[in-house]
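Observations on chain architecture
Below are the chains, spelled out letter by letter.
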Amino acid sequence: MTTPLAEVLDGQHAADLRKAARALLKHPLLLARGRYADEFRLVRRHAPELREWFDRNTGWSLQVDAETARLRKIPGVLTDPTHPAREASRGTAPFTRRRYVLLCLALAALERGEAQIALGRLADQIVLDAADPRLAATGIEFALERRDERLDLAAVVRLLLDLGVLRRVAGEEEAYVSGAGDVLYDVERRVLAGLLASRRGPSTVHVETLDDRLAELVAETALDSDELRFRAMRHSLTRRLLDDPVLYYDDLTDAELGYLTRQRGFLTARITELTGLVAEVRAEGMAMVDPDDDLTDVRMPEQGTHGHVTLLLAEHLAGAGRPVTLDELALRVRELAAQHGSFWSKSAREPGMETELVEQAVARLTALGLASRTPDAIAARPALARYAVGETVIREPGFAPMPPQRKATS
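One structure accompanies this document, and this report is about it. Bear in mind the structure is a predicted one, so any value in this text is a computation, not a measurement. (Residues numbered from 1 in each chain as written. Predicted model: local features only at pLDDT ≥ 70, side-chain atom pairs only at ≥ 80, totals over all residues. Heavy atoms only, no water.)

1. Structural notes on helix α1 (residues 4–26)
It helps to recall that an α-helix has 3.6 residues per turn; residues three or four apart then point in one direction. Between the first and last C-alpha of α1 there are 33 Å, a value that for 23 residues agrees with the 33 Å anticipated at 1.5 Å per step. Turning to α1, its buried residues number three or more, namely D16, L17, A20, A21, R22, A23, L24 and L25. (Helix = DSSP H or I, 4+ residues; strand = E, 2+ residues; numbered from the N terminus. Expected span 1.5 Å × (residues − 1). Buried < 20%, exposed > 50% of the residue type's maximum accessible area, 1.4 Å probe, protein only.)

2. What about the sheet that holds strand β5 (residues 166–170)?
Overall, antiparallel pairing links the 3 strands, which are arranged β4-β6-β5 in an open sheet. The open sheet is flanked by β4 (116–118) and β5, the only strands paired with a single partner. Sheet twist, expressed as the average angle between the axes of neighbouring strands with direction ignored, equals 35°. Relative to strand β6 (residues 184–187), β5 runs antiparallel, the two sharing 4 bridges. Note that in β6 the partner of A170 across the bridge is L184. The strands that helix α5 (residues 119–130) touches are β4 and β6; relative to β4, the one it contacts most, it runs at about 80°. (Pairing = 2+ DSSP bridges. Axes fitted to C-alpha atoms, helices over the stretch in contact; angles between N-to-C directions. Contact = heavy atoms within 4.5 Å.)

3. With respect to the packing of helix α13 (residues 305–320) against helix α14 (residues 326–340)
Running from amino to carboxyl end, α13 crosses α14 at an angle of 120°, the nearest separation of the two axes being 11 Å. When the interaxial angle is binned, α13 and α14 end up oblique. Both α13 and α14 take part in a crossing whose hand is right-handed. For the pair formed by α13 and α14, the contact residues are H308, V309, L312, L313, H316 and L317 on the first element and L329, R332, V333, L336 and H340 on the second. Residues belonging to the contact of α13 with α14 are distributed by class as follows: 7 nonpolar, 3 polar and 1 charged. (Parallel < 35°, antiparallel > 145°, perpendicular 65-115°, else oblique. Left-handed = near helix turned anticlockwise from the far one by under 90°. Nonpolar A, V, L, I, M, F, W, Y, C, P; charged D, E, K, R; others polar.)

4. Structural notes on the pairing of strand β2 (residues 61–64)
Here β2 pairs with strand β3 (residues 68–72) via 4 bridges, running antiparallel. Opposite V64, over in β3, you have A69 as the bridge partner. Counting the residues between successive antiparallel strands, the hairpin from β2 to β3 contains 3 residues.

5. Brief notes about the sheet that holds strand β8 (residues 278–281)
Strand order in this open sheet of 3 strands is β7-β9-β8, and the pairing throughout is antiparallel. The sheet terminates laterally at β7 (247–248) and β8, the two strands that pair on one side only. Across 4 bridges, the pairing between β8 and strand β9 (residues 285–289) is antiparallel. What sits directly across from E280, in β9, is A287. Contacting β7, β8 and β9, helix α12 (residues 254–275) crosses the sheet at an angle of about 10° to β9.

Keep in mind these values describe shape, not function.
Right, dumping it as structure tokens:
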């Protein structure tokens, strides 16, 4: 018979394991120092159980040592562009293609470099590497002489600082951008070595298209038996349930839908047991909802002008009953500004700002799986029905009128 003390200890163990798992889902790279040091210690304490769970259910490997914990996540959908890297502590501007290329070149230079490096020296090495004719043939060139190029490099460096790859020793990036000074960094080589999350080195991939290259980077061994094919589907579906705000059935293959139909209870129970996420199942799909509203990188509703505009446009799209063009949404924002502008920031009320407000709202709605975007219009997806008002309030089958609280990690 279990004693009260044993029950308390078991409950504390389960709570700590859940906290550690959620920490890894929010921050797949944790360091022994810094603001997530407590979460790192918890992950290290429960590393064997976490490693076994993620390996069995997602195919993600977990590496833990005295300084770092790295969950090597592979997305369930490789081509989802809705959660780009963003400059740390500098607003919400997403990384551009140029910044991604700069990031890769910077990592390559740091890998070859010493334990310390100056930003100016890093820039010089990037310029040399960028002179490769194969890179120039893609239309990407870096001289790092213009201010906008230096701003891009500073954004990349701030991301590396946030990840813990670099530690600032002296100086500020603003001085480098303005040409008034330089910055010195320590290079954390152990953190740097753990960044790449792929099953093979990029240099070993020789296919041409981006989609094929992404698939090759994370390709598993040949799925030549039913057991291996079922395992691959379990991994893919669990990844999507953990990472994506909504899993729509019409996005699945027939085989994946059949497997999910048979194994839904098992998959969701395992996720709930580890993370505390709760399954919401509807006719069009399902979502793992976070009652704590913590496992998310994109929130809705959200405070502030952009959050308010997004919510109002969600109501408009949910009630439109058809795809809506960006011009129509911009017109709607102008109308909304007349009604609600007194509650918005001054800059949001300026003429022409409706285009930017619409873009940010659409980016949020697509990232949460609430809308889909075509070159010409924005279309509501079923889960957006929870934001309908008045006579258009949800009609079954559909998703219940409660805000989606789930979009795990970057």
